[in-house]
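Residue-level structure breakdown
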Amino acid sequence: MKDVMGVIYTGDNDARLRELTMTRAIAALPVAGRYRVIDFLVSSMVNGGMRNVGVIMQKNYHSLMDHLGSGKEWDLHGKNDGLYLLPPFLTRENVGVYTGILDALRSNTNYLSRSKQEYVVLSGSSIIYNARMQDFIRFHLDSGSEITLMYSKNPSIQRDEYGTYLAVGEDGLVTDVESDPAKPSYPNTFMDVCIMRRDLLRSLVDKAVAHGQHDLIRDVLMPEVQAGHARVTAWEYTGPVWLIDSVQSFFRFNMDVLNSETRAALFPADLPVYTKVRDEMPARYTEDVTCVNSLVADGCIIEGTVENSVLFRGVRIAPGAHVKNCIIMQDGHVHSDAYIENCILDKQAVIKRNARLIGPDAYPIVIAKNVVI
Amino acid sequence: MMRKKTCVAMLLAGGQGSRLGILTQHEAKPAVPYGGKYRIIDFPLSNCTNSGIDTVGVLTQYQPLELNAYIGSGAPWDLDLTNGGVFVLPPYQKGKVGEWYRGTANAIYQNMAFIEQYHPDYVLILSGDHIYKMDYNAMLQHHVRHGADATIAVREVPWEEASRFGIMNTDSEDNIIEFEEKPKKPKSNKASMGVYIFTWEKLRKYLTEDEADKSSSNDFGKNIIPKMLADKQVMVSYSFQGYWKDVGTIESLWEANMDLLANPMPIDLHDKKWRIFARNPGYAPHYIAEGAVVSDSLITEGSEIYGHVKHSIIFSGVKVEEGALVEDAVIMPGAVIRRGAVVRRAIVAEDAIIGAGAIVGEETGNIAVVGFEVELPAGVSVSAGQQVDDKTTF
């Protein structure tokens, strides 16, 4: 699918992720032991044949730039197209601070107009999926519609509040869009992924911004569907999908990946998820350790007890330490005889000897990056 | 014109490694997996990168497919460069003549044009048979300081084993005065590691002369080095301390893997200043299931452990099913150990499947080997020291 480009918007709202997004965008959040959220999005696009992927960045984008680099890990470092990192900038037309994806696209209109592809897949970045993009693109081309939205009925996307829901007819036609209802009328959650012609996107963006509109869903999609100006269809993604918009949903995603069936569905053999490689040695287990129902990345040294947890690269669990229902990011260290339960340790966090830290099930404790307890 | 390089490395990776038995039936020895996520060649290549040597020729001729694909552009070792980088150099036709590499020296001779492109002052000769971390730049400084024509890396081996090696007899200034191949009565315990640095002008001269000598077997150890010594060239030894393991046989490959389970590891693979780089298969972290028992082992990405893993090395994408026992074993990428199977003191090669209830290896005795993509039927036994390939019948 050389004729499709991808654009990922990483300015999503992150207030409910507490310390985890203090120094990074949601897209740069470490997940599932060795990935960042954006790895799933970029890998989906690349596996779907897209050779031109733009990442629109907003705040705290340093870690995102550091992670994506030249795009080499995704084979996006070629001479033609490749990975485009689009940080905010100030010019006469561009305020640098985007109020939403429309603003952001308007500011990057040069990138959009210079690109050669006929179609654009737009994706939000507070979401994790591994979609077969060829199927999505094929559906769109076959449907003859102007815009195709990706949606899910998978229970994994369940959420307590906020969300965009679609009424989808049998022919895939979208007949209604509702945004942030207290009680959704439809089971179909919009995944913040859509495809349309590049020139249509440009004109929609231009029109909306010229009228002072900022919201892609409320200001563009809804009116198009309601007025019937554009034919909007929807394609169902049946794989597992998670919205990462709060500490709870972040925690739930990582715990869900401990399920072998879920993991197999998220990581099909023919849709590998690429990420920045750290060249750590394999994880090392010493004698007399217990490790059950856990994901463990390379570079870890396990000398204690690990239960129902996700350990990122380079984590050390000292002898006598006990870790239960925890997510421990890169280079975290739990010292001897410490006990932690329902905790999320950000990168390089250290739990000292004999410490006890137990979070409630519904509200995991977040230990910020570099904090020593 | 290419930019000049001070030192170009030439890695001899053409060896068949026949002593590795069925493990090298489909891939050259340097491509053999080691240590959970590496291949043997990752060690010399990473040593080059970490030593600041960025131009490496890899000479292949036996089963090169796997090795070519593995090296690729050289990106995993940061050797995908505009000036320099890694180059796979198979034998090729020259005019009407084409020939295989006849010996280690001949392999370099046939690639003199490659070396000449970089106008190097020095050439580093490496082999792809050993597990070690070595700063080649420190060795190069030693070579320059001594104004040597050739420097040979040596390590001290136990005296009783010295007669198995190529031994360098030196004076107190590290000058090599004599070289003895497998001496019956060794005068020194400094064994050659097969790592040489030559001043390129000298080596070019000797390679050309050696090629003209029809009686020569075109080998560094047998011909070039003895000839240079006889001609009173400046030959010095460079002592290497640290872990070094020849992985030329099934037993030594198994041992070298088991060495990584010692505490502390005799070769520090956690060292952030001297990373061993490898091509990454891109799997999710490994998963240890409820009910699994894991101890004293190395396990890497993409593996799923439901059974019992004890004192073993588990490579990427391996599955150990419920009720299976893996002990003192090396399980290479993609292998599956089915329910109730027992694998002890064994090497299971890439993508092999050990059928349910099968027994591979014994608690004592030689190492059993199950070869590449072999599907071992359920319930069968493979005894100590036995090698099973796709032609073995049960």
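These figures come from a predicted structure and were not determined experimentally.

Tallied over the entire structure, the rule returns 19 aromatic pairs over all chains. Considering the side-chain rings of A:Tyr129 and A:Tyr237, the 6.3 Å spacing of their centres and the 70° angle between planes classify their relative orientation as edge-to-face. Taken together, the residues span a long stretch of sequence, with A:Tyr129 in the loop between strand E7 (127-128) and helix H5 (133-143) and A:Tyr237 in the loop between strand E12 (232-236) and strand E13 (242-243) at a distance of 108 residues. Overall, A:Tyr237 belongs to the buried group, its relative accessible area being 5%. With a centroid separation of 5.6 Å and an interplanar angle of 35°, the aromatic rings of B:Tyr196 and B:Phe220 are classed as tilted. Residue B:Tyr196 is found in strand E13 (residues 190-199), and its partner B:Phe220 is found in helix H7 (residues 220-230); the two are separated by 24 residues along the sequence.

Residue and element names in this part refer to chain B. Within E13, 10 of the 10 residues are buried, which leaves it mostly tucked inside the rest of the structure. In this sheet, E13 lies alongside strand E8 (residues 122-127) in antiparallel orientation, the contact comprising 4 bridges. Looking at the pairing, valine 123 lines up with phenylalanine 198 of E13. Strand direction decides the pairing type here: strand E10 (residues 150-156) and E13, joined by 6 bridges, are antiparallel. Across the sheet, residue isoleucine 152 finds its bridge partner in E13, namely tyrosine 196.

On to the pairing of strand E6 (residues 119-123) of chain A, then. All names here are of chain A. Most of E6 is tucked away, with 5 of its 5 residues classed as buried. Burial of the side chains of E6 extends over both faces: Tyr119, Val121 and Ser123 are buried on one face and Val120 and Leu122 on the other. As paired elements, strand E1 (residues 4-9) and E6 share 5 bridges and run parallel to each other. The residue of E6 that forms the bridge with valine 7 is leucine 122.

Our focus in this paragraph is the sheet that holds strand E22 (residues 319-320) of chain B. Read across the open sheet, the 11 strands follow the order E28(A)-E25(A)-E22(A)-E19(A)-E16(A)-E16(B)-E19(B)-E22(B)-E24(B)-E26(B)-E29(B); overall the sheet is mixed. Strand pairing shows two members of the sheet lacking a second neighbour, strand E28 (365-367) of chain A together with strand E29 (375-376) of chain B, which therefore form its edges.

Take the environment of B:Ser303 next. Residues and elements named next belong to chain B. Mapped onto the elements, serine 303 comes out in the loop between strand E18 (297-299) and strand E19 (304-305). Judged by relative accessible area, which is 0%, serine 303 ranks as buried. Separated by 15 residues in the primary sequence, serine 303 and isoleucine 288 have C-alpha atoms spaced 8.4 Å apart. Apart from residues lying up to four places away in sequence, serine 303 is in contact with His286, Tyr287, Ile314, Phe315, Ser316, Gly317 and Val318.

Before going further, it helps to examine the domain arrangement of chain A. It is common to report an interface's size as the accessible area lost on association of the parts. All names here are of chain A. Assigned domains within chain A: domain 1 (4-266) and domain 2 (284-367). Taking only C-alpha atoms, the centre of domain 1 and the centre of domain 2 are 32 Å apart. Taken together, the contact pairs 20 residues of domain 1 with 23 residues of domain 2. Roughly 1800 Å² of surface becomes buried between domain 1 and domain 2 when both sides are summed, with 67% attributable to carbon and sulfur atoms. When the area that domain 1 buries against domain 2 is broken down by residue, the three leading residues are Gly33, Phe251 and Leu258, summing to 31%.

Cut-offs and rules
Residues numbered from 1 in each chain as written. Chains lettered and ligands numbered in written order. Predicted model: local features only at pLDDT ≥ 70, side-chain atom pairs only at ≥ 80, totals over all residues. Heavy atoms only, no water. Phe/Tyr/Trp six-rings, centres within 6.5 Å; stacked < 30°, edge-to-face > 60°. Helix = DSSP H or I, 4+ residues; strand = E, 2+ residues; numbered from the N terminus. Buried < 20%, exposed > 50% of the residue type's maximum accessible area, 1.4 Å probe, protein only. Pairing = 2+ DSSP bridges. Contact = heavy atoms within 4.5 Å. Domains from an automatic or database assignment. Buried area = accessible area lost by both parts, 1.4 Å probe.

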